[in-house]
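Read off the chains here:
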Amino acid sequence: MPYSTSTFKALELYALYRVYDAIAEVLVKKNLFRLFVLSLITILLALSTITILAGDYGFQAYTQEQEFRQREFTDEPGHPDIYDPNLHAEVVVEGLELPTTMAFLDSNDILVLEKEKGTVQRVVNGKILPQPLLDVNVAGFIERCMCGIAVSRDTPGHTYVFLFYTESQTADRDDMTANPKAPLGNRLYRYELVDNKLVNPKMLLDLPADPGPRHNGGEVLIGPDNNLYISVGDVDGAFKGEQWQTLTLNYQDGSEVDGRSGILRITQDGGPVPDGGILGDEPPLSMYYAYGIRNTYGMDFDPIAGNLWSTENGPGNSDEINLMLPGFNSGWQEVMGIAALEEGFDPTDIVDFDGAGVYRDPELVWMNTAGPTALKFLHSDRLGAQYQNDIFVGDVHNGRLYHFDLNQERTGLVLPEALADKIIQTPTSSGLEDIIFGQGFAGITDVEVGPDGYLYVVSIGQGKIFKIVPGGPKSPPPPLSFPGGEQVPTADEGEEPTFEDEEEDTDDSTPSQDNGEDSEDTNSQDNLF
């Protein structure tokens, strides 16, 4: 029977205890020379004990009831494959340290955030400048990070850079030391770019970072109305204590709204949107565009219909792509995935803010977590007219880039027949061959469209930014491969893609999901980073 990590640690500590006990007996009976030798041994054993307790990352901050892994992406080397024979990926820049998100200042001029260093790097013509534009104190445990960035030139003569990050008290990663310090908060700042430095910081939002450490969200987007849209997850508040179980997490008798679990909307000065709130008139509720969000790390506006679309991460299952109309309720913590499949779900249990909030099922669900992150509409035709105004989505666990057409009404995804129920059961489900655009990116955390109209992909696992451009690769990609070993011929091989039959316990025909309170959201597989 396999042992858990905690069981192994207990066995190791017990073995050390037996050694300590024997040493103590000798110390009582033997002479000073042996006392000296055994004292040295005791010191070495004490260091071993500390190592066992500390684990791979030191004494982790805020002891959790469950264990989380610090990394949930792969750092596999190699070059990504694009499954359109007329396109390929080329490296724009490498050598970045855990890059999370990027924003363009101009063509060949990119700002990049690094997760745990607190840095904003500037990349010009594929080269990282010697000094970062900014270096702040950032918390780094699990999903705490330098999370989101957006650039605005809407004010003549000014270039503003908006940053969302988990601010630490004294130094980078001081929430991961032997004496961990609680973060100051998840904060949104506006900086001004002057003489190659980010200066004049103005805090626009001071949001909770507790209990954490996961589900901070952090995507920052400038909408077509020139307002800021900011994603904030539940910050691990669901099921953890009444003070964090707010109304926006669909607790009917929940605590007061505090900025978590929603898509917030404010002006670029940090003020309320002039048209008034959607869910209420008083802050912070008046800032909410959507709510019931567990963790959203990617969103974008449809350039044709103007609707907001997003990704959302479930508790080890039921990752989602959502269409977010104003007042959208994603349903967490009452439901994740398709509501009809949620055992025991009662629509009357969710909070609707006197009818202003409306629940809507997702447009696609991954039952086996993929960790969807970035979502971007490709508004240009530089990759071909067949991709213009379509959605591209990246995931962090598989390093895959997906492509989706929209229906004529722009309210749903055009999915292959095998995915007509809007459910991807496993990483090898039939139908995936029609929506996987590329893979081998080793954990995607951002996808952007550059001023040149091409698609750019951030790989946190490889520390690179890739650019998708026309032209076939030097050699055709290998057949589309999956973790279970199945292979699907690429489209240019002229064969109809086929999959091996799934085993009974992963049968696509029997979808099921269980995201209820009993699980208490303890699965570490859904960590983004």
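Refer to the structure printed above.
Keep in mind that this is a model prediction, so the values were computed, not measured.

J.: I'm lost on the overall build of the protein in this one. Help?
T.: Counting its regular elements, the protein contains 2 helices and 32 strands. Sequence-distant contacts, at least 24 apart, represent 65% of the contacts inside the protein between residues at least 6 apart. Surface accessibility of the protein: about 22,600 Å² in total, with carbon and sulfur atoms responsible for 50%.

J.: Looking at this model, I keep getting lost on empty space enclosed by the protein. Mind explaining?
T.: With a probe scaled to a water molecule rolled over the atoms, the places where space remains empty come into view. Inspection of the entire model under this criterion finds 1 cavity of 30 Å³ or more. Quantified by volume, the largest cavity comes out at close to 40 Å³. In terms of lining residues, the largest cavity is bounded by Thr101, Glu219, Tyr297, Gly298, Ala374, Leu375, Lys376, Thr445, Asp446, Val447 and Glu448. At the level of secondary structure, the elements contributing two or more residues to the lining of the largest cavity comprise strand S22 (372-378) and strand S28 (444-449).

J.: Honestly, the layout of surface pockets in this entry has me stumped. Any pointers?
T.: Computed from the structure, the second largest pocket encloses a volume of approximately 690 Å³. Taken together, 29 residues line the second largest pocket, and the ones lying closest to its centre are Leu221, Ile222, Lys376, Glu448 and Val449. Among the elements of the structure, strand S3 (99-106), strand S8 (146-152), strand S12 (220-222), strand S16 (299-301), S22 and S28 are those that each provide at least two residues to the lining of the second largest pocket. For the lining of the second largest pocket, the element with the highest residue contribution is S3, accounting for 6 residues. Considering only residue class, the lining of the second largest pocket consists of 16 nonpolar, 6 polar and 7 charged.

J.: Looking at this structure, I do not really get the pattern of salt bridges. What am I missing?
T.: Pairing between side chains of opposite charge can happen when their charged atoms approach one another. On inspection of all chains with the given rule, the structure shows 20 salt bridges. In this structure, Lys422 engages Glu363 in a salt bridge whose closest nitrogen and oxygen atoms are separated by 3.3 Å. Of this pair, Lys422 sits in the loop between strand S25 (413-414) and strand S26 (423-424) while Glu363 is found in the loop between strand S20 (358-359) and strand S21 (364-366), placing the two residues 59 residues apart along the sequence. Each of the salt bridges in this network shares a partner with another, and the network as a whole consists of Glu97, Glu114 and Lys117.

J.: Quick question: what am I supposed to make of the sheet that holds strand S29 (residues 455-459) here?
T.: Paired through their backbone hydrogen bonds, the strands of a sheet run either parallel or antiparallel. Strand order in the open sheet made by the 4 strands is S2-S30-S29-S28, with antiparallel pairing throughout. The open sheet terminates on both sides in strands that have one partner only, identified here as strand S2 (87-93) and S28. Adjacent strand axes in the sheet meet at a mean angle of 25° when their direction is disregarded. Where S2 lies against strand S30 (residues 464-470), 6 bridges are found, and the strand directions are antiparallel. Pairing of His88 across the sheet is with Val469, part of S30.

J.: Before we go on, may I ask you to explain the sheet that holds S26 in this structure?
T.: Strand order in the open sheet formed by 5 strands is S16-S17-S18-S21-S26, with mixed pairing between adjacent strands. What marks the edges here is a single partner per strand, and that holds for S16 and S26. The pairing of S21 with S26 spans 2 bridges and is parallel. Residue Val365 lies in a different strand from S26, and its bridge partner there is Ile423.

J.: Honestly, the side chain of Gln439 in this entry has me stumped. Any pointers?
T.: Along the chain, Gln439 falls in strand S27 (residues 436-439). Side chain to side chain, Gln439 and Tyr83 meet in a polar contact 3.3 Å long. Here the side chain of Gln439 touches Arg400 through a polar contact of 3.2 Å, side chain to side chain.

J.: Would you mind going over unusual backbone geometry with me for this structure?
T.: Backbone phi values are negative for most residues with the exception of glycine, while trans is the configuration of most peptide bonds. Following Gly212, the chain continues into Pro213 via a peptide bond in cis, with omega recorded as 10°. Summarising the element assignment, Pro213 is placed in the loop between strand S11 (197-207) and S12. Cis geometry marks the peptide bond from Pro283 to Pro284; its omega dihedral reads 5°. Tracing the chain through its elements places Pro284 in the loop between strand S14 (262-266) and strand S15 (288-291). Within the chain, Asn108 stands out as a residue other than glycine whose phi angle is a positive 60°. Within the secondary structure, Asn108 is located in the loop between S3 and strand S4 (109-114). Looking at Asn108, the relative accessible area reads 44%, which means it is partly exposed. You will see that Phe239, though not glycine, has its phi angle at about 70°, which is positive. With respect to the helices and strands, Phe239 occurs in the loop between strand S13 (228-232) and S14.

J.: Looking at this structure, I do not really get the environment of Pro416. What am I missing?
T.: Inspection of the secondary structure puts Pro416 in the loop between S25 and S26. Between the C-alpha atom of Pro416 and that of Ile435, which follows or precedes it by 19 residues, the distance is 8.1 Å. For Pro416, the contacting residues outside a window of four places in its chain are Gly431, Asp434 and Ile435.

J.: What's the story with the environment of Gln245 in this structure? I'm lost.
T.: Along the chain, Gln245 falls in the loop between S13 and S14. Overall, the relative accessible area of 15% leaves Gln245 in the buried class. Measuring from C-alpha to C-alpha, the distance between Gln245 and Ser255 comes to 6.0 Å, with 10 residues separating the pair along the chain. Not counting chain neighbours up to four residues away, the residues in contact with Gln245 comprise Gly237, Phe239, Lys240, Tyr251, Gly254 and Ser255.

J.: Just to check I follow, could you spell out the pairing of S29 for this structure?
T.: Counting buried positions over the 5 residues of S29 gives 5, a clear majority of the element. By the bridge criterion, 5 bridges tie S28 to S29 in an arrangement that is antiparallel. Each residue of the ladder has a partner; that of Val449, found in S29, is Leu455. Connecting S28 to the antiparallel partner S29 that follows it, the hairpin turn spans 5 residues, and Gly453 within it adopts a positive phi of roughly 85°. The pairing of S29 with S30 spans 5 bridges and is antiparallel. Residue pairing across strands places Ser459 opposite Lys464, the latter belonging to S30. The antiparallel pairing of S29 with S30 creates a hairpin that spans 4 residues between the two strands, and Gly463 there sits at a positive phi of about 65°.

Calculation rules
- Residues numbered from 1 in each chain as written.
- Predicted model: local features only at pLDDT ≥ 70, side-chain atom pairs only at ≥ 80, totals over all residues.
- Heavy atoms only, no water.
- Helix = DSSP H or I, 4+ residues; strand = E, 2+ residues; numbered from the N terminus.
- Contact = heavy atoms within 4.5 Å.
- Areas by Shrake-Rupley, 256 points an atom, 1.4 Å probe, with all protein chains shown as cover.
- 1 Å grid on protein atoms, 1.4 Å probe; cavity = no way out; pocket = protein on both sides within 12 Å on 5 of 7 lines; lining within 4 Å.
- Points joined across faces, edges and corners; volume = space filled by probe spheres on them.
- Nonpolar A, V, L, I, M, F, W, Y, C, P; charged D, E, K, R; others polar.
- Salt bridge = Lys/Arg side-chain N within 4 Å of Asp/Glu carboxyl O.
- Pairing = 2+ DSSP bridges.
- Axes fitted to C-alpha atoms, helices over the stretch in contact; angles between N-to-C directions.
- Polar contact = N/O pair within 3.5 Å; in protein donor to acceptor, adjacent residues only side chain to side chain.
- Buried < 20%, exposed > 50% of the residue type's maximum accessible area, 1.4 Å probe, protein only.

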